[in-house]
Amino acid sequence: MEHKTDLLSLFPEEIAEQFMSEGLPRFRAKQVYSWLHKGVGFDGMSNLPQKLRQELAQRYDAGTVSVFKTFTSVQDGTQKYLFALADENLVEGVLMRYHYGNTLCISSQAGCRMGCAFCASTIGGRVRDLTAGEMLHMVLLINRACAQGEQRGVTNVVIMGSGEPLDNYDNVVRFLRLVSHPEGVCISPRNISLSTCGLVPQIYRLMDENLPVTLAVSLHAPNNDIRSSIMPINRQYPLQELLPACVEYTQRTKRRIVFEYAMIDGLNSGLEHAAALASALRGMMCHVNLIPLNRVDERSLRPASRTQIDAFLKKLTDLGISATVRRSMGGDIQGACGQLRRRYLEGKSGD
């Protein structure tokens, strides 16, 4: 089958160049770009001649992602999506509704190769990177669904689903520029969070992009011994390299770093761990997000108790570290990244 160019991965000027090279009217590029970012396919581009719309459909794709299945939490209205890619891979997304807006969590890779011990996404490894257009199409599909229900669209994006965003650096940066483009969806980089397990060279690269996204660093341990035991990346980029990169990121971008910290019973959740964490982060412009661990069937790690979490939180705040406990959302629909995709890969219905 002939490969079509996915226009969602392109900027208006790139679409214009593409049109010119194929004998299509250059001035139509901005119109097409605007329609695409409203989630409208070629058939619905009403201010374009029908012949041109037919020609565009023959030559190009207007997005290659579809919603395979949707699950809605009866607890809090959180919606979890399985998105189907053109090659039949599945990735996950989660729409969380808050009083300040709607946050969509998207994936950046099908699978993941980082090997973190507490995560379901990495079981089975990385299948492939997502393109910028595929990531953008997830946002557009949910925007369109919200509009049809006369609901507010996506206001915030977090790249925290399956995959390591900085392991798919070029596509993720292109997505960030596309989703924040003033002629498109125009979501401010300040309303976007990017989660990383700590690829230090790419953190430095990101500082130079002039994209002031909030960096969320999966820390999960106060020292190298514990972190290396659950996060293989720490053996390559230990805390003495990661934390200075985080400090510089805050200084260069003026954005506070969020440190994600999954509370694991018997491993990282004692008061001595809280004290060590506070010592490591003291003086940094940061916030610690304590996460009640989601159980993963294939893993032996156990979640810390609520009593442990509360005591840990109190210790951190007493020592001057800004911290909160993440509100659990979508627990009844397997809201944690990787779980739902994993069930489908194993041939389970998920119903």
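If you're wondering where the values come from, they're calculated on a predicted model, not measured in any experiment.

*Asks:* Explain the pattern of salt bridges to me, and be specific about the residues and the numbers.
*Replies:* For the structure on display, the rule yields 17 salt bridges. For Arg326, the salt bridge goes to Glu260, with nearest N and O atoms at 2.9 Å. Taken together, the residues Arg326 in the loop between strand S14 (323-325) and helix H12 (339-345) and Glu260 in strand S12 (residues 257-263) connect sequence positions 66 residues apart. Arg326 sits in the partly exposed class, given a relative accessible area of 33%. Residues joined in a network through salt bridges with shared partners are Glu22, Glu55 and Arg59.

*Asks:* I'd like a description of the sheet that holds strand S3 (residues 66-72), backed by residues and values.
*Replies:* In space, the ten strands of this open sheet follow the order S3-S4-S5-S6-S9-S10-S11-S12-S13-S14, with mixed pairing throughout. Looking along the sheet, the strands with just one partner apiece sit at the ends: S3 and S14. Direction aside, neighbouring strands of the sheet carry axes that sit 20 degrees apart on average. Pairing of strand S6 (residues 101-106) with strand S9 (residues 156-159), which is carried by four bridges, proceeds in the parallel orientation. Each bridged residue has a counterpart across the sheet, and for Cys105 the counterpart in S9 is Val158. The sheet contacts of helix H11 (residues 306-318) involve S12, strand S13 (286-292) and S14, and relative to S14 the element is tilted by about 165 degrees.

*Asks:* Summarise the side chain of Gln202; cite the residues concerned and give the values.
*Replies:* Examined against the element boundaries, Gln202 turns out to sit in helix H6 (residues 200-207). Gln202 has contacts with Leu166 and Tyr169, leaving out every residue within four places of it along the chain.

*Asks:* Tell me what's going on with unusual backbone geometry, and back it up with residues and numbers.
*Replies:* For Asn210, which is not glycine, the phi torsion reads 55 degrees and is therefore positive. Mapped onto the secondary structure, Asn210 falls in the loop between H6 and strand S11 (214-218). Judged by relative accessible area, Asn210 falls into the exposed class, the value being 68%. At Lys254, a residue that is not glycine, the phi angle is positive and equals roughly 60 degrees.

*Asks:* Please set out the packing of helix H1 (residues 12-21) against helix H2 (residues 28-36) residue by residue, giving values where relevant.
*Replies:* The interhelical angle for the contact between H1 and H2, taken along N-to-C directions, is 125 degrees, at an axis separation of 8 Å. One way to sum up the angle between H1 and H2 is to call them oblique. Relative to H2, H1 is oriented so that their crossing is right-handed. Contacts between H1 and H2 involve Pro12, Ile15, Ala16 and Phe19 from the former and Arg28, Ala29, Lys30, Val32 and Tyr33 from the latter.

*Asks:* Please provide a residue-by-residue account of the pairing of S11, values included.
*Replies:* By the criterion of burial, S11 is predominantly enclosed, with five of the five residues buried. Judged by which residues are buried, S11 turns out to be covered on both faces: Thr214, Ala216 and Ser218 on one side and Leu215 and Val217 on the other are all buried. With four bridges connecting them, strand S10 (residues 192-196) and S11 associate as parallel partners. Bridge pairing links Thr196 to Val217 in S11. Assessed by its sense of winding, the connection that carries the chain from S10 through H6 to S11 is right-handed. The pairing of S11 with S12 spans three bridges and is classified as parallel. Within S12, the residue paired with Ser218 across the bridge is Glu260.

*Asks:* Could you give an account of the nonpolar core, with specific residues and numbers?
*Replies:* Core analysis: the largest hydrophobic core is formed by 102 residues, its most contacted members being Phe175, Phe259, Leu281, Val288 and Leu316. Top contributing element to this core by residue count: helix H4 (residues 132-148), with eight residues. Setting aside residues up to four positions removed in sequence, Val288 forms contacts with Phe259, Tyr261, Leu277, Leu281, Leu316, Ile321, Ser322, Ala323 and Thr324.

*Asks:* Residues and numbers for the packing of aromatic side chains, please.
*Replies:* Within the structure shown, the criterion is met by four aromatic pairs. A centroid spacing of 5.7 Å and a plane angle of 25 degrees characterise the contact between Tyr81 and Phe83, whose relative ring orientation is stacked. Here Tyr81 matches Phe83 in class, with each residue buried.

Here is what the cut-offs are and how they apply
- Residues numbered from 1 in each chain as written.
- Predicted model: local features only at pLDDT ≥ 70, side-chain atom pairs only at ≥ 80, totals over all residues.
- Heavy atoms only, no water.
- Salt bridge = Lys/Arg side-chain N within 4 Å of Asp/Glu carboxyl O.
- Helix = DSSP H or I, 4+ residues; strand = E, 2+ residues; numbered from the N terminus.
- Buried < 20%, exposed > 50% of the residue type's maximum accessible area, 1.4 Å probe, protein only.
- Pairing = 2+ DSSP bridges.
- Axes fitted to C-alpha atoms, helices over the stretch in contact; angles between N-to-C directions.
- Contact = heavy atoms within 4.5 Å.
- Parallel < 35°, antiparallel > 145°, perpendicular 65-115°, else oblique.
- Left-handed = near helix turned anticlockwise from the far one by under 90°.
- Right-handed = clockwise from strand over helix to strand, strands pointing away.
- Core = buried A, V, L, I, M, F, W, Y, C linked by side-chain atoms within 4.5 Å.
- Phe/Tyr/Trp six-rings, centres within 6.5 Å; stacked < 30°, edge-to-face > 60°.

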